[in-house]
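# Reading the structure
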Amino acid sequence: MTDSEKAAEVLEALKAAEREPAQSALPMLNELVGLVQGSGEQPLELEEARAGAFLAICEVGKALHRGQPVERLWAVAIAAAERWKVLAG
């Protein structure tokens, strides 16, 4: 699977998880871990975008787990995934 395909799948899953309650969204986010792990073999800008998406997804997961507000965090995670997708081409 190419980085572009991974980023597209992550973006789609984030948008779907955003519409779910926390107890359903958390497992959906956990399934994304394998897709957002980097190999370090891509150009630096692409690796940074992927890492940014990973960190943003982690922040959403932490907030959901703790019962904290996540509206802004979803937007940040989706924007990070969109940036990764654009850079992955």
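See above for the structure.
Reading the values: the criteria
Residues numbered from 1 in each chain as written. Predicted model: local features only at pLDDT ≥ 70, side-chain atom pairs only at ≥ 80, totals over all residues. Heavy atoms only, no water. Helix = DSSP H or I, 4+ residues; strand = E, 2+ residues; numbered from the N terminus. Rg over C-alpha atoms; globule rule 2.2 N^0.38 Å. Buried < 20%, exposed > 50% of the residue type's maximum accessible area, 1.4 Å probe, protein only. Contact = heavy atoms within 4.5 Å. Areas by Shrake-Rupley, 256 points an atom, 1.4 Å probe, with all protein chains shown as cover. Lys, Arg positive; Asp, Glu negative; His and termini not counted. Charge placed at Lys NZ, Arg CZ, Asp CG, Glu CD. Salt bridge = Lys/Arg side-chain N within 4 Å of Asp/Glu carboxyl O. Expected span 1.5 Å × (residues − 1). Axes fitted to C-alpha atoms, helices over the stretch in contact; angles between N-to-C directions. Parallel < 35°, antiparallel > 145°, perpendicular 65-115°, else oblique. Left-handed = near helix turned anticlockwise from the far one by under 90°. Nonpolar A, V, L, I, M, F, W, Y, C, P; charged D, E, K, R; others polar. Core = buried A, V, L, I, M, F, W, Y, C linked by side-chain atoms within 4.5 Å.

## Notes on the overall build of the protein
Within the protein, the secondary structure is distributed over five helices and zero strands. Starting at the N terminus, the α and β elements of the protein follow one another as α-α-α-α-α. Computed over the C-alpha atoms, the radius of gyration of the protein is 12 Å, within 12% of the 12 Å expected from 2.2 N^0.38 for a compact globule of 89 residues. Seen along its three principal axes, the alpha-carbon backbone of the protein occupies a region of about 35 × 20 × 20 Å. Within the protein, the proportion of its 89 residues that are buried is 36%. Look at the contacts in the protein between residues 6 or more apart in sequence, and 65% of them connect residues 24 or more apart. Put simply, the protein shows about 5300 Å² of open surface, and 52% of that area lies on carbon and sulfur atoms. Side chains of the protein give 9 positive and 14 negative charges; the mean places of these two sets differ by 5 Å.

## Quick look at the side chain of Asp-3
With respect to the element layout, Asp-3 can be found in helix H1 (residues 3–18). Lys-6 provides the closest opposite charge to the buried, salt-bridge-free Asp-3, at an N-O distance of 4.5 Å.

## Description of helix H4 (residues 44–66)
Over its 23 residues, H4 extends 33 Å from the first C-alpha to the last, a length consistent with the 33 Å expected when each residue adds 1.5 Å. Among the residues of H4, those classed as buried are Leu-46, Glu-47, Ala-49, Arg-50, Ala-53, Ala-56, Ile-57, Val-60, Gly-61, Ala-63 and Leu-64. Each element contacted by the buried residues of H4 is listed here: H1, helix H2 (22–30), helix H3 (33–36) and helix H5 (71–88). Gly-67 sits one or two positions beyond H4 and adopts a positive phi of about 75°.

## A closer look at the pattern of salt bridges
Counted according to the given criterion, the structure contains four salt bridges. The shortest N-O distance in the salt bridge between Arg-83 and Glu-45 comes to 4.0 Å. With Arg-83 in helix H5 and Glu-45 in helix H4, this residue pair connects regions lying 38 residues apart in the sequence. Across the pair Arg-50 and Glu-47 runs a salt bridge, and its minimum N-O distance is 3.1 Å. With Arg-50 and Glu-47 both in helix H4, this residue pair falls three residues apart, about one helical turn.

## Structural notes on the packing of H1 against H5
Here H1 crosses H5 at 160°, and the two axes come no closer than 8 Å. Considering their axes alone, H1 and H5 lie roughly antiparallel with respect to each other. At the point where H1 passes H5, the crossing takes the left-handed sense. On H5, the residues that touch Asp-3, Ser-4, Lys-6, Ala-7, Ala-8, Val-10, Leu-11, Leu-14, Lys-15, Ala-17 and Glu-18 of H1 are Trp-74, Ala-77, Ile-78, Ala-81, Glu-82, Trp-84, Lys-85 and Ala-88. Residues belonging to the contact of H1 with H5 are distributed by class as follows: twelve nonpolar, one polar and six charged.

## A look at the nonpolar core
Within the largest apolar cluster, 28 residues are counted, with the highest numbers of intra-cluster contacts made by Val-10, Leu-14, Leu-29 and Trp-74. Put simply, the parts of the chain that give this core at least two residues each are H1, H2, H3, H4 and H5. If one sorts the elements of this core by residue count, H4 sits on top with eight residues. In this view, Val-10 contacts Leu-32, Leu-35, Val-36, Ile-57, Ala-81 and Trp-84; residues no more than four positions away in its chain are not counted.

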